[in-house]
Amino acid sequence: MSRTSSRTAGRPHVVIVGAGFAGFQAARTLSRLTRRRVDITVLNPTDYFLYLPLLPQVAAGVLEPRRVTVSLTGSLRHVRLVLGEADGVDLDRRTVHYTGPEGESGELGYDRLVLAVGSVNKLLPVPGVAENAHGFRGLPEALYLRDHVTRQIELAAAAGDAETCRSRCTFVVVGAGYTGVEVAAHGQLFTQSLVRRQPLRAGIRPRWVLLDIAERVLPELDRRLSDTADRVLRRRGVEVRTGTSVKEATREGVLLDDGDSVPTRTLVWCVGVRPDPLVESVGKPLERGRLVVDPFLNVPEHPEVFACGDAAAVPDLAKPGQYTAMTAQHAWRQGKVAGTNVAASLGVGERRSYRHHDLGFTVDLGGVSGAANPLGVPLSGPLAGAVTRGYHLAAMPGNRVRVAADWLLDAALPRQGVQLGLVRSWNVPLESSSPELARVPAPEQTGHTDDKQTEKKTTEKKTSDKKTSDKSSDKNTETKNTEKKNQE
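Here we summarise the structure given alongside this text. (Residues numbered from 1 in each chain as written. Predicted model: local features only at pLDDT ≥ 70, side-chain atom pairs only at ≥ 80, totals over all residues. Heavy atoms only, no water.)

A separate point is the nonpolar core. Membership of the largest hydrophobic core comes to 106 residues, with the highest contact counts inside it found for V17, L113, L115, V181 and L210. Residue contributions to this core peak at seven residues, all from helix α7 (residues 178-197). When near neighbours in sequence (up to four residues on either side) are disregarded, L210 contacts V173, G175, A176, G180, V181, A184, V217, L233, V238, E239, V240 and R241. If you look at the next biggest cluster of nonpolar residues, it comprises 15 residues, including V126, V129, A133 and A249. (Core = buried A, V, L, I, M, F, W, Y, C linked by side-chain atoms within 4.5 Å. Buried < 20%, exposed > 50% of the residue type's maximum accessible area, 1.4 Å probe, protein only. Helix = DSSP H or I, 4+ residues; strand = E, 2+ residues; numbered from the N terminus. Contact = heavy atoms within 4.5 Å.)

With that settled, consider unusual backbone geometry. If you check the backbone angles, R36 has positive phi at about 70 degrees while not being a glycine. As for its placement among the helices and strands, R36 is situated in the loop between α1 (21-34) and β3 (39-44). In this structure, N399 takes a positive phi of about 65 degrees despite not being glycine. Relative to the assigned elements, N399 resides in the loop between α10 (381-395) and α11 (400-412).

So, on to the pairing of strand β13 (residues 207-212). Along β13, five of the six residues are buried, which leaves the element largely enclosed by surrounding structure. Across five bridges, the pairing between strand β12 (residues 170-174) and β13 is parallel. Looking across to β13, one finds that T170 is bridged to R207. Taken together, β12, α7 and β13 constitute a β-α-β crossover, and its handedness is right-handed. (Pairing = 2+ DSSP bridges. Right-handed = clockwise from strand over helix to strand, strands pointing away.)

On to the packing of α1 against helix α9 (residues 328-345), then. Describing two packed helices takes the angle between their axes plus the distance from one axis to the other. In the contact formed by α1 and α9, the axes pass within 7 Å of each other and the chain directions differ by 30 degrees. When the axis of α1 is compared with that of α9, the two are roughly parallel. By crossing handedness, the relation of α1 to α9 is classed as right-handed. On α9, the residues touching F21, A22, F24, Q25, A26, R28, T29, L30, L33 and T34 of α1 are A328, A331, W332, G335, K336, A338, G339, T340, V342 and A343. A breakdown of the residues in the contact of α1 with α9 according to their chemical character gives 12 nonpolar, six polar and two charged. (Axes fitted to C-alpha atoms, helices over the stretch in contact; angles between N-to-C directions. Parallel < 35°, antiparallel > 145°, perpendicular 65-115°, else oblique. Left-handed = near helix turned anticlockwise from the far one by under 90°. Nonpolar A, V, L, I, M, F, W, Y, C, P; charged D, E, K, R; others polar.)

A few words on a positive patch on the surface. On the surface, a cluster of positive charge is made up of R28, R32, R35, R37, K336, R352 and R400. Tracing the chain through its elements places R37 in the loop between α1 and β3. (Patch = residues over 30% accessible without salt bridge, like charges linked within 9 Å, V, L, I, M, F, W, Y side chains within 5 Å. Areas by Shrake-Rupley, 256 points an atom, 1.4 Å probe, with all protein chains shown as cover. Salt bridge = Lys/Arg side-chain N within 4 Å of Asp/Glu carboxyl O. Lys, Arg positive; Asp, Glu negative; His and termini not counted. Charge placed at Lys NZ, Arg CZ, Asp CG, Glu CD.)

Turning to the pattern of salt bridges, a few remarks are in order. Pairing is possible between side chains of opposite charge, provided their charged atoms come close. All chains considered together, the criterion is met by 15 salt bridges. Put simply, R234 and D230 hold a salt bridge, and the shortest N to O gap is 2.7 Å. One end of the pair is R234 and the other is D230, both in helix α8 (residues 223-236) and four residues apart, which spans about a single turn. In this structure, a network of salt bridges that share partners links the residues D90, R93 and E107.

Axis separation between α7 and α8 bottoms out at 10 Å; the angle between their running directions is 30 degrees. When the axis of α7 is compared with that of α8, the two are roughly parallel. Handedness of the crossing formed by α7 with α8: left-handed. Here V181, A185, Q188 and L189 of α7 come into contact with α8, specifically with A229, L233 and R236. Among the residues forming the contact of α7 with α8, the class breakdown is five nonpolar, one polar and one charged.

Right, let's get into the sheet that holds strand β16 (residues 253-256). Judged by pairing direction, the sheet is antiparallel, and its three strands sit side by side in the order β15-β16-β17 without closing on themselves. Edge positions in the open sheet fall to β15 (246-249) and β17 (261-263), since each of these has one partner strand only. For this sheet the average axis-to-axis angle between neighbouring strands, irrespective of direction, equals 20 degrees. In this structure, β16 lies alongside β17, joined through three bridges in antiparallel fashion. Opposite L255, over in β17, you have S261 as the bridge partner.

Following the criterion strictly, the structure yields zero disulfides and no others. Cysteine C165 is unpaired, with the sulfur of C169 as its nearest cysteine sulfur at 4.7 Å. Owing to a relative accessible area of 0%, C165 belongs among the buried residues under this scheme. (Disulfide = S-S within 2.5 Å.)

Turning our eyes to something else, we now look at the packing of aromatic side chains. Following the criterion strictly, the structure yields eight aromatic pairs and no others. Between F49 and W332 the ring centres are 6.1 Å apart and the planes differ by 45 degrees, which places this aromatic pair in the tilted class. Note that F49 is positioned in strand β4 (residues 48-50) and W332 in helix α9, a separation of 283 residues in sequence. Each of the two residues, F49 as well as W332, counts as buried. Taken together, the ring pairs in this structure connect F21, F24, F49, Y51 and W332 into an aromatic cluster. Over the ring of F296 we find R351, and its NZ or CZ is 3.7 Å from the ring centre. Lying across the ring of W407, R389 places its NZ or CZ 4.6 Å from the centre. (Phe/Tyr/Trp six-rings, centres within 6.5 Å; stacked < 30°, edge-to-face > 60°. Lys NZ or Arg CZ within 6 Å of the ring centre and 35° of its normal.)

All right, on to the pairing of β16 then. Pairing geometry for β15 and β16, over three bridges, is antiparallel. Looking at β16, one finds that V246 is bridged to L256. What sits between the antiparallel neighbours β15 and β16 is a turn of three residues. As consecutive antiparallel partners, β16 and β17 are separated by four residues, and within that stretch G259 has a phi angle of approximately 95 degrees, a positive value.

The next subject is the sheet that holds strand β21 (residues 290-292). Strand pairing within a sheet occurs via backbone hydrogen bonds; the two strands may be parallel or antiparallel. With mixed pairing, three strands are arranged side by side in an open sheet as β20-β21-β24. At either end of the open sheet lies a strand with only one pairing partner, and these are β20 (286-287) and β24 (312-313). Taken together, the two bridges between β21 and β24 define a ladder with parallel strand orientation. Bridged to L291 within β24 is A312.

Remember, this is a structural readout, not a statement about activity or role.
Written as structure tokens, this is what we have:
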């Protein structure tokens with residue numbers, strides 16, 4: 001094991017684990033406040049900050065993948081980046097153990113530690129889901145979904161029978177929260193654009209099904225936002241089925257708990273998230289998997305350790321007895337408070353408790369549609385869409401011009417319906433501690449039959465070619481021997 005040294009003599013060392021909304025903002029705030037009087041190290045599996053709210057637009061071909069990523073080294077001044085996945089924290093020794101991108105082990109010592117490791121896909125004990133569904137938490141998953149949807153439409157258009165065509169162009173999204181609603185909304189528009197240039201069999205159209213066990217879509221938001229989203233989705237032809245969930249998933253379809261069966265080759269799992277498993281290794285009290293902290297984001301009995309974002313159970317001072325929700329808005333604001341309080345613990349400024357003020361919510365429904373309630377004012381239609389995109393441009397820490405340019409191009413030009421094949425199904429398993437990374441296990445170690453069959457055919461072809469080559473070689477040898485015999 002190598003111990004990564006990043007200390008300057010006489011300077012305290014702050015390690016920030018994770019560079020999502022909370023970690024990125026904590027590092028940026030701390031760097032601005034301390035002005036190179038502190039050594040700051042960010043430990044993260046990737047070299048970018050991912051702006052998650054725009055990920056559905058990547059899957060739908062509206063934005064190019066790099067538009068929703070912001071370089072950590074380019075945007076965090078005087079902050080050192082260490083690539084790796086944290087897999088252990090020793091509070092007594094004040095060290096963080098990690099595994100690098102090429103499998104090497106490392107260790108970081110710290111004077112102050114900020115845990116902002118975020119969350120991963122939430123799994124439910126539903127037969128077949130882990131093997132046949134894919135989540136939507138990272139860039140590899142968005143790229144895979146974009147390719148997969150494109151491929152299914154292409155295969156549906158070439159299908160020899162109506163049943164196969166319907167199955168391939170049916171897409172099931174489980175979970176009608178923020179992510180699920182936006183994936184279904186953008187996905188429906190994406191498939192609609194694909195079939196314009198690649199028509200399906202007569203009478204068949206792409207079918208999108210949105211499921212949730214709750215009574216309505218966006219159950220965590222204001223009823224008016226929920227009604228607006230529901231109305232837009234149904235008007236586009238999306239089947240919204242509330243009070244319903246998946247009982248079993250197979251490669252050919254899903255069985256619902258109401259007894260209905262939906263033939264499909266696509267199951268997108270958006271049922272929510274759970275805290276990163278790393279927080280369990282800390283060995284401190286948890287609240288539903290989240291590390292319990294005080295209003296100043298400190299871990300009890302360890303004033304040198306802070307936690308924020310989805311990994312932390314932060315008391316909601318506006319609602320005594322409750323904890324803040326696991327949202328990007330809370331993570332962003334908590335990161336700023338964490339950076340401020342770390343600086344205060346090192347003698348720079350004063351610490352403050354986390355207290356939030358609800359400024360409203362926005363939901364991007366694709367095209368010019370949206371649902372929003374800025375400052376409590378309910379909006380819908382193109383106005384809500386404009387407010388939503390304006391909010392995202394203001395909130396993004398970079399790439400604003402590039403994102404705006406892609407939006408303009410999408411409005412003026414048809415989308416490119418091509419699959420690149422860069423991310424395969426086994427690269428994005430549903431159960432992953434780091435959905436931001438594409439995994440590389442061998443295909444035979446996974447349950448993804450399509451890819452296994454593809455590899456099997458390739459292997460069979462190579463074997464057939466080899467046999468043909470061997471036969472040809474034997475035939476040539478026999479001919480040469482005959483000629484030699486005749487000469488004798």
